[in-house]
Every structure is written in structure tokens, then in C-alpha cells.
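Spelled out from the first residue to the last, the chains are:
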Amino acid sequence: MESEDDFDMHDANDDEDFYSGGDDDAAASMDSDDAGVADYEFIDNDSDDSNDAASHRYQQSYTVLSEADIRQRQEEDVTKISTVLSIPKVAASILLRYYNWSVSKVHDEWFADEEKVRKTVGLPEKPVIEHRNAKDLDCGICFDTFHCKEMRAASCGHPFCFSCWAGYIGTAINDGPGCLMLRCPDPSCGAVVFQDMINALASNEDGEKYSRYFIRSYVEDNRKTKWCPAPGCDYAIDFIVGSGSYDVTCRCSYSFCWNCTEEAHRPVDCGTVAKWILKNSAESENMNWILANSKPCPKCKRPIEKNQGCMHITCTPPCKFEFCWLCLGAWSDHGERTGGFYACNRYETAKQEGVYDEAERRREMAKNSLERYTHYYERWATNQSSRQKALADLQQMQTVHLEKLSDIQCQPESQLKFITEAWLQIVECRRVLKWTYAYGYYLPDHEHAKRQFFEYLQGEAESGLERLHQCAEKELQAYLNEEDPAKDFNEFRTKLAGLTSVTRNYFENLVRALENGLSDVDSIGATSKTATANSKSLGGASSKGRGGRGKATTSRSSSSHRNIDDLGHWSCEHCTFANVRSATVCQMCQQRR
């Protein structure tokens, strides 16, 4: 079962990925304590040399497998088991299939108790029934008598005619992947039916189905491999579990999370993504909208929305109940004495008495919840559409515009790689920014310091991305419309490459902070509490002395928010980042001390 195709394993350096582990510029800009933590970095666009860009790519810990690759891996595993255990290849494939294609598991179980494994899997050492001298045999299914050459038996020796075998095998294959562990038709026998027998007796169509099931079992039963979830993609991903990031990119260019198979969503964890997707598809937001923007009919309880008109509401047939929108009382009890058609004194009176407090509170909470969700969802969806547009622009740039720009500027396309790298940066940053809104939605409201820090980092990253996108989209168009080489094209090159690098740094900071759970804020808060407690202790002691002593203590307390003496850090007043004492510029927002 050798494959004629080359075993083309997916090399990490051949893929367009944005995670770099050897960026010298980024490493220089980070503190030595953080250099080992930051494993999420983007392509460095300071160099136009594609080899330099490739050298910065993070060594991926996964392999993309084609169907030919899967077949070859299956053949290698089967041969290995067959050689070590001294059993036929068809038996080795059954063992691997039973133990989910784990070679080590097969070895452990087989050498621990071979007899038990044979009995469990269905591999008898010798036939249960032997018909050495018999010329005619009775089929155990149709009970007709056939010549022994017209009969076949599994390893157990139970004979059945060709037509019964074909019907039995065909039915099992049409029932699904369970046919891979097909047993002898005899009810009292548990011997497996080998693949060579199935190939010989099944129809061509059923044989192809069986072959597909066999190939798919290598991926679907193996905990280290998964199919690419992109529609129409036949590639599989072999992943080294526990190797770090779950983000993988298939040869079809689709990026997804290997752990949950949703689209790539780093730095947001899989649990948050699952909750966000469920919320977007659930009916909960519909109920919130109904609760916030409608009231139930007092008679039939159907929700009614009022967008204009007087307070006289008539429910739709068959109810037709007439009531007041404000107090939900029967309209027959209303009139000029209750305030007319556009007011209701009864409602105002009851409201002052607190009758409607609970209902109003629930309606207000639902309205606020809906507005908050809408805020984050709109920005999540907008960045998603912007990313799709950027992907289309990138495709057009690579297929059409680069060649045109090369002719206009009289430069080889290899010198225009900085444009492609900028667009790749935009696409990836749009993806990251999109998922930060899901992160922000589930960030607890009571953690004010974390929320402020998150919104600052998100805002800086977003503004940097918008500048880069504007330059790559609008300013580049001017050079595409030129007929002669532009004198300032090199200045544009420097500007676009610089914006790409700056945007990369912004998103590195954002991703690093989110993956650490905004822990910098916690460390700053804990240190501030310690400093405050110390200052209060000093203040208490000085209150027993002279008044001038108390004033000096107050001054020291206010300065402790800027200088954290206990840990040797100072807190930036702009973004609250804890910097080392020797730093004169904030390492996070670049603001001077």
C-alpha cells in the first residue's frame, strides 16, 4: 500500500504565520524578565528581504497531512507493529484501529497479556472450526450447500458463501465506520474480518467507502490529529499536544484553534470563545430585547411594542383587550380624569408608591444589558468584515497590483514585499482586535483597574492599526495611479514599514497582557495597597505628635502612588504600568516619568 506521492510534511517556515520567536528588535524592547514569556509576535517588517522575514517565524509544532501522507503514516505504523509482533499486516491494522492508532499502546497491551488482547480484539491464534477434507459445506446464513471453493471463512473458520458474505459486508459498510471492526457473522464468534477479505468480496463502491473509513479513522480516532474544519478541505493537522499555542494554519490558508476547532482566536481562551459564540446564536438576546422594548398584554400576556401614539393600546385579535400603556389597567377606567390620552395619573401615583419599581428595574437592566452586548457585538462584527475585506485586498495586491506597481516604480517585486507584509499584518491584527471585544464583554465590571488598562491597550492597538490600514489602503493607491516612478516612493516604503513595526509592537503588548490575565494591574494594585497601608500606619503614629508631622506623612502618602519603594518599581500615571526604578520612560505607553 505504498504511495507514489512524496511525503510532503508541512514545514513551519513555509507558512505565513505571525508568531515570531527570534525577533531581535522586539527582544531588545522588552525587559529581560518578559523576554521568555512573549511567544506571540508578529512579522518584523523592517527588512525587505523575505529570508529575514522567514527567519523570524515561530517554529510551529504541527504538521499538515494530505491523504497521501496519512496513507504513508498508516503503512509505516502497520509495518512497525507487524514486524515487532510477528503478525500479518492485516492483523496489525486491526490492532492499531482498536487502540486508536497508538503504537505504544499496542506494544504495552500486547506484551502485558497477548492472550487477553487476542480475545478482546478478535484475533484467534488458530481456527475454531477446520474442514480439511470436506468438499461441500453448508452456508451458515442461507443454509445452502456449496463447493468448498465457493465458500470463504474468517480466521475463525466459520464458512459462508460468497453472496452471503457480500451482502453482510455491504450492509455493514453502509451502516458506517463500525465496519472497520467487523466480526464473523456467526452469533457465537467474535473473530474480526480482515481488510483483504473485505476488498476481495465487497463491491467496488463498498470497497471505496471502506477505504475512506479506514483513512479517516487514522485522524478521527487519534487524539493528536484533527481534520481542518474549513469547508471542502481534505487536509488534517498532526499536533504536538502541550507545545504551546493552539493556533494552526492549514495549507488551504484557513487558520483555526486546534483545541476547539473554532477559527483562530488567540489571545482569548477557548471557554470565552464558546460562551461568545453561544450568546451570538442563542435566543437570550431576543428575550432581552423583548423585555427592554415591550410590555405584556394584561389579558393574554403577549408582548407588545409601542413606538408612537397615545397611551391607549388595543391588543391584536383574538384578544382585542384595550388597556393603558403606562399602568396596564383597563382603558375603560381611564379618561380625562386620569390625565387624558397621553398621561396617566394612576401610573404616576402608583410609581411614586413604588408599585412598578421591580418591573421598571428589570426593564432597565435588560435595556442596559442589551445596549452593552450590542456595543461589543457591533465592533466584533465590524472587525470581522474589515478582516474579510483586507483578505480580498491582499489577494488583489498579490495577483494584480504588485506587478503593476513594479512596472511603474521600475523595481522588482522582491523589493515590494514590505507591502504584502503590511497587509498580512493588517489581516492578523484585525483578527486579534475582533476577539478582544469578546474578551472585553466578559471582563468583570467591578475590576475597574483591569478594565481601564485593557481599554487603554486596546485603544492604542486599534489606533495604530487604523493608521497602518489607512496608509496601506489609501496612500498606496496614489502610487498605483502614477504613470512614472515617484520620487518619494522610498519615503512611503519607510513610512509603511515603520507603521507595520509600530502596530506589531502595540499588538504584542495587547496580546501579552491578555494572555497574562492583565496581571500587571494586580501587581500594581497589591503594591499600592501595601504602600497605602504603610502610609496610614505612619499617619496614625504621627497623629499623636505634632500637626506638622501629619502633613509630612500626607505628602509621603501621595508620592507613594508614583514611586513603589517596596518592589523598586514606579507606576506610570498614564497607563499604570509598573516600570523598573531606573527607567525614565514607561515601557508600555512610552510616556516620560
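Residues numbered from 1 in each chain as written. Predicted model: local features only at pLDDT ≥ 70, side-chain atom pairs only at ≥ 80, totals over all residues. Heavy atoms only, no water.

### Observations concerning helix α3 (residues 67-85)
Here comes step 1: Taking 1.5 Å per residue as the helical rise, α3 with its 19 residues ought to reach 27 Å, and the 27 Å between its terminal C-alpha atoms agrees with that figure.
Here comes step 2: Taken together, the buried positions of α3 are occupied by Ala68, Asp69, Ile70, Arg73, Gln74, Glu75, Asp77, Val78, Ile81, Ser82 and Leu85.
Here comes step 3: Elements in contact with the buried residues of α3: β1 (62-65), α4 (89-98), α5 (103-112), α9 (204-220), β6 (225-227) and β7 (236-239).
Here comes step 4: Following α3 by one or two positions, Ser86 adopts a phi angle in the positive range, close to 55°. (Helix = DSSP H or I, 4+ residues; strand = E, 2+ residues; numbered from the N terminus. Expected span 1.5 Å × (residues − 1). Buried < 20%, exposed > 50% of the residue type's maximum accessible area, 1.4 Å probe, protein only. Contact = heavy atoms within 4.5 Å.)

### Description of the sheet that holds β1
Here comes step 1: Here we have three strands laid out as an open sheet, ordered β1-β7-β6, and antiparallel in their pairing. Looking along the sheet, the strands with just one partner apiece sit at the ends: β1 and β6. Put simply, the sheet's adjacent strands are angled 25° from each other on average, direction ignored.
Here comes step 2: Strand direction decides the pairing type here: β6 and β7, joined by three bridges, are antiparallel. Note that in β7 the partner of Lys226 across the bridge is Ile237.
Here comes step 3: Across the sheet, α3 lies against β1, β6 and β7, angled at about 105° from β1, the strand it touches most. (Pairing = 2+ DSSP bridges. Axes fitted to C-alpha atoms, helices over the stretch in contact; angles between N-to-C directions.)

### What about unusual backbone geometry?
Here comes step 1: At the junction of Arg266 and Pro267, the peptide bond is cis and its omega measures out at 15° in the coordinates.
Here comes step 2: Checked against the element boundaries, Pro267 lands in the loop between β9 (255-257) and α10 (270-281).
Here comes step 3: Residue Pro318 follows Pro317 across a cis peptide bond; omega there is 5°.
Here comes step 4: The residue Pro318 is located in the loop between β12 (312-314) and β13 (322-324) in this model.
Here comes step 5: If you check the backbone angles, Asn100 has positive phi at about 55° while not being a glycine.
Here comes step 6: For Asn100, the location among the structural elements is in the loop between α4 and α5.
Here comes step 7: Positive phi outside glycine occurs at Leu518, with the angle close to 55°.
Here comes step 8: Tracing the sequence through the fold places Leu518 in the loop between α16 (489-515) and α17 (519-543).

### So, the packing of aromatic side chains
The description of two aromatic rings rests on the distance between their centres and on the angle between their planes.
Here comes step 1: On inspection of all chains with the given rule, the structure shows 26 aromatic pairs.
Here comes step 2: Relative to Trp165, the ring of Phe160 has its centre 5.5 Å away and its plane inclined at 90°; by these criteria the two rings are edge-to-face. Here Phe160 and Trp165 have matching classes, each one buried.
Here comes step 3: Aromatic pair Tyr439 and Phe454: ring centres 5.5 Å apart, planes at 40°, arrangement tilted. In this pair, Tyr439 sits in helix α14 (residues 417-441) while Phe454 sits in helix α15 (residues 448-480), placing the two residues 15 residues apart along the sequence. (Phe/Tyr/Trp six-rings, centres within 6.5 Å; stacked < 30°, edge-to-face > 60°.)

### Some thoughts on α10
Here comes step 1: The first and last C-alpha atoms of α10 sit 17 Å apart over twelve residues, in line with the 16 Å expected at 1.5 Å per residue.
Here comes step 2: Looking at α10, one finds that the buried residues are Cys270, Thr272, Val273, Trp276 and Lys279.
Here comes step 3: Measuring from the backbone nitrogen of Gly271 back to the side-chain oxygen at the start of α10 gives 3.0 Å, which picks out Asp269 as the cap. (Polar contact = N/O pair within 3.5 Å; in protein donor to acceptor, adjacent residues only side chain to side chain.)

### Remarks on the confidence of the model for the protein chain
Here comes step 1: On average, residues of the protein chain score 76 in pLDDT, and 73% of them are at 70 or above.
Here comes step 2: When the criterion is pLDDT under 50, residues 1-58 qualifies, and its contacts beyond four places in sequence or with other chains add up to 126 contacts.
Here comes step 3: Within the model, pLDDT remains below 50 along residues 526-567, and this stretch shows 25 contacts once partners closer than five positions in the same chain are excluded. (pLDDT = per-residue confidence, 0-100.)

### With respect to the pattern of salt bridges
Here comes step 1: A full pass over the atoms with the stated rule returns 22 salt bridges.
Here comes step 2: Asp69 is the salt-bridge partner of Arg251, the closest N and O atoms lying 3.9 Å from each other. With a gap of 182 residues between them, Arg251 in the loop between β8 (247-249) and β9 and Asp69 in helix α3 connect regions that are remote in the sequence.
Here comes step 3: Linked by salt bridges that have partners in common, Arg372, Asp445, Arg451 and Glu455 make up one network. (Salt bridge = Lys/Arg side-chain N within 4 Å of Asp/Glu carboxyl O.)

### Examining the pairing of β1
Here comes step 1: With burial as the criterion, each face of β1 is covered, one bearing Tyr62 and Val64 and the other bearing Thr63 and Leu65.
Here comes step 2: Pairing of β1 with β7 involves four bridges; the strand directions are antiparallel. Bridged to Thr63 within β7 is Asp238.

### Examining the environment of Leu65
Here comes step 1: Position of Leu65 relative to the elements: it lies in strand β1.
Here comes step 2: On the basis of relative accessible area, Leu65 is assigned to the buried category, the value being 0%.
Here comes step 3: For the pair Leu65 and Ile237, spaced 172 residues apart in sequence, the C-alpha separation works out to 6.0 Å.

### Things to note about the environment of Leu326
Here comes step 1: By the secondary structure assignment, Leu326 is in the loop between β13 and α12 (345-352).
Here comes step 2: Separated by 31 residues in sequence, Leu326 and Lys295 have C-alpha atoms that sit 9.6 Å apart.

### A look at the packing of helix α7 (residues 162-175) against α9
If you want to describe how two helices pack, look at the angle between their axes and the distance between the axes.
Here comes step 1: Contact geometry of α7 with α9 gives a least axis separation of 10 Å together with a crossing angle of 45°. For the element pair α7 / α9, the angle class is oblique. For the element pair α7 and α9, the recorded crossing hand is left-handed. The segment α7 lies against α9, with Gly170, Ile173 and Asn174 engaging Asp206, Lys209, Tyr210 and Tyr213.
Here comes step 2: Residue composition of the contact of α7 with α9, by class: three nonpolar, two polar and two charged. (Parallel < 35°, antiparallel > 145°, perpendicular 65-115°, else oblique. Left-handed = near helix turned anticlockwise from the far one by under 90°. Nonpolar A, V, L, I, M, F, W, Y, C, P; charged D, E, K, R; others polar.)

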